[in-house]
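Reading the structure
So you can see what is in the structure, the chains are spelled out below.
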Amino acid sequence: MGNERKYSLDVLRIIATILIIFHHYGQVTGLYLEGHINYWNGRFYFGYVVEFFFLLSGYFMYRYIGKITNGLTFKNFFLPRALRLLPLVFISGVTYEVLLGIYQKVCGGDWFGVSITVWGVIINALGVQDGWVFANPMVNNPTWYISVLLLCYVVFYLLTYLSKRWQIPHTYLFAFMVLLGCGAQTYGLNLPFLNGSSCRGYYAFFFGVLLAEWLEKLNAAKKPQNYIFWGSIASVAALLCMMVYKWEWVASGTNYLVTFWFYPALIIIFSSGPVAKLFDHKFIGTLGKITYDTYIWHNPNFLLLYIIPAITGRSWNLLTAKAMLIYTAVSFAVGAISYYTLERPISSRVGRLMETEK
């Protein structure tokens, strides 16, 4: 149950991406499925799936504690991540603004009150769109997650560095960030670096780091882990039952319940030997790799749902589950094209650049 990458965790990443697309599809189109799960304006707020992405990112960051402690510089830690993530954020942001202008022209109205903003594109491209010191300009809004993730990387490096310098266990500092995020979120603080967006990242990301360390220590101690696996399955089942039959029990603090209970249990289950072996296929790994691109592009694609019919004069019925599934499949296809034509070449160039500067 260590924190090494497994294709089985890509399964969770794929499912989470699909749920986010469903969530935004319902938000944009107003789709309501009578008698079925509704991903927008339903009982459960599926926007909390983003907490899973933060948690998983923190989970994989655990391995860098030792590298930073042993002298990994901030430049060599942060720059490769920023250079891999931000070019696609910039390209999608510019594309989104262009599509927004086309939408306003051909559809004769605004898009959810969002305006074209050059300043928004700039801070979006710099990775400070949300959670830092500026108000979110809503440029390809789902990329707020990338801004907050980069902020979490900065804080993670700083705290790891300070834990060595001050001789304080890093677990104390990470636990403090979890509590700080929860407190600021609960009491609605809206300050630079300490606001609703950044706090969602703090409590989920740093809890992911702590989760990875706890599992690593269990491995090192060679303690029996069957009880953890079956306990996690029981935990997932219990929470799902309460959500279905006793919603009032879990309606308060749902974001914390899924972050500190449901998602960690899923990670433990899917990291276990039998489940990991079940999903040990490169195809799943490939789908996992394109989820970032799919996530980045699924929001600009929404504009095309309305631009194309306005130009062609052919209307589409978007208020069906079938339409939502088709849109999701198309979003993954766009993500695949983006991965092979944009992200992978960018990552390759970043890798060569970092090797040159060493």
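Here's what I pulled together on the structure shown here. Everything quoted here is computed from the prediction, not taken from an experiment.

With that settled, the discussion passes to helix α9 (residues 226–245). The first and last C-alpha atoms of α9 sit 28 Å apart over 20 residues, in line with the 28 Å expected at 1.5 Å per residue. Looking only at α9, the buried set comprises Ile228, Phe229, Ser232, Val236, Leu239, Met242 and Met243. Buried positions in α9, seen along its axis, are confined to an arc of 160 degrees and lie on one side of it. Across from the buried face of α9, at angles greater than 90 degrees, the exposed residues are Asn226, Tyr227, Trp230, Val244 and Tyr245.

The next point concerns unusual backbone geometry. With a phi angle near 60 degrees, Asn41 is a residue other than glycine that sits in the positive phi range. Relative to the helices and strands, Asn41 is located in the loop between α1 (7–29) and α2 (49–61). In this structure, Phe193 takes a positive phi of about 65 degrees despite not being glycine. Within the element layout of this structure, Phe193 appears in the loop between α7 (170–186) and α8 (196–221).

What follows is about the packing of α1 against α2. Remark: α1 packs on α2, axes separated minimally by 9 Å, with the N-to-C direction vectors making an angle of 155 degrees. The angle between the axes of α1 and α2 places the two elements in the roughly antiparallel class. In this structure, α1 meets α2 at a crossing whose hand is left-handed. From α1, Leu9, Leu12, Arg13, Ala16, Thr17, Leu19 and Ile20 reach across to α2, where they touch Val49, Val50, Phe52, Phe53, Leu56, Tyr59 and Phe60.

Attention now moves to the packing of aromatic side chains. By the definition in use, this model includes 40 aromatic pairs. When the centroid spacing of 5.3 Å and the interplanar angle of 80 degrees are considered together, the rings of Trp119 and Phe134 count as edge-to-face. You can see Trp119 sitting in helix α5 (residues 118–125) and its partner Phe134 sitting in the loop between α5 and α6 (144–165), a full 15 residues away along the chain. Note on Phe205 and Phe206: the rings are 5.1 Å apart at their centroids and 75 degrees apart in plane angle, and the pair reads as edge-to-face. Neither residue differs from the other here; Phe205 and Phe206 are each classed as buried. By way of ring pairs, the aromatic residues Tyr64, Phe74, Phe77, Phe78, Tyr153, Phe156, Tyr157, Phe174, Phe205 and Phe206 are connected into one cluster. Taking NZ or CZ as reference, Arg81 lies 4.4 Å from the ring centre of Tyr64, over its face.

Counting 111 residues, the largest nonpolar core has Phe156, Phe205 and Phe206 as its most contacted members. Tallying contributions element by element places α6 first for this core, with 13 residues. Setting aside its immediate chain neighbours within four residues, Phe156 contacts Met61, Tyr64, Ile65, Ile68, Phe77, Phe174, Phe205, Phe206 and Val209.

What counts as what
- Along each chain, residues carry numbers from 1 onward, in the same order as the chain's sequence is written.
- pLDDT decides what is reported in this predicted model: residues at 70 or higher carry local features, side-chain atom pairs at 80 or more are listed and counted, and totals for whole chains, interfaces and linings draw on all residues regardless.
- To get the side-chain values, all heavy atoms of the structure are used, and hydrogens and water are removed first.
- Put simply, DSSP H or I for four residues or longer makes a helix, DSSP E for two residues or longer makes a strand, and each gets a number counted from the N terminus.
- Expected span, for any helix, means 1.5 Å times one less than how many residues it has.
- For the exposure calls, accessible area comes from a 1.4 Å probe over protein chains only, and a residue counts as buried if that area is under 20% of its type's maximum, exposed if over 50%, partly exposed in between.
- Working note: the arc is built from the helix axis to C-beta atom directions.
- Geometry is summarised by axes, namely lines fitted to C-alpha atoms with helices restricted to the contacting stretch, and by angles between N-to-C directions that run from 0 to 180 degrees.
- In these notes the angle categories are as follows: under 35 degrees is roughly parallel, over 145 is roughly antiparallel, 65 to 115 is roughly perpendicular, and the rest is oblique.
- By definition, turning the near helix anticlockwise from the far helix through less than a right angle yields a left-handed crossing, and turning it clockwise yields a right-handed one.
- Note on contacts: a residue pair qualifies if any of its non-hydrogen atoms lie within 4.5 Å across the two residues.
- Only centres within 6.5 Å qualify two rings of Phe, Tyr or Trp (six-membered ring in Trp) as a pair; their planes then separate them into stacked at under 30 degrees, edge-to-face at over 60, and tilted for everything else.
- Any Lys NZ or Arg CZ found within 6 Å of a ring centre and within 35 degrees of that ring's normal is scored as a charge over the ring.
- By nonpolar core is meant a set of buried Ala, Val, Leu, Ile, Met, Phe, Trp, Tyr and Cys residues that side-chain atoms within 4.5 Å join together.

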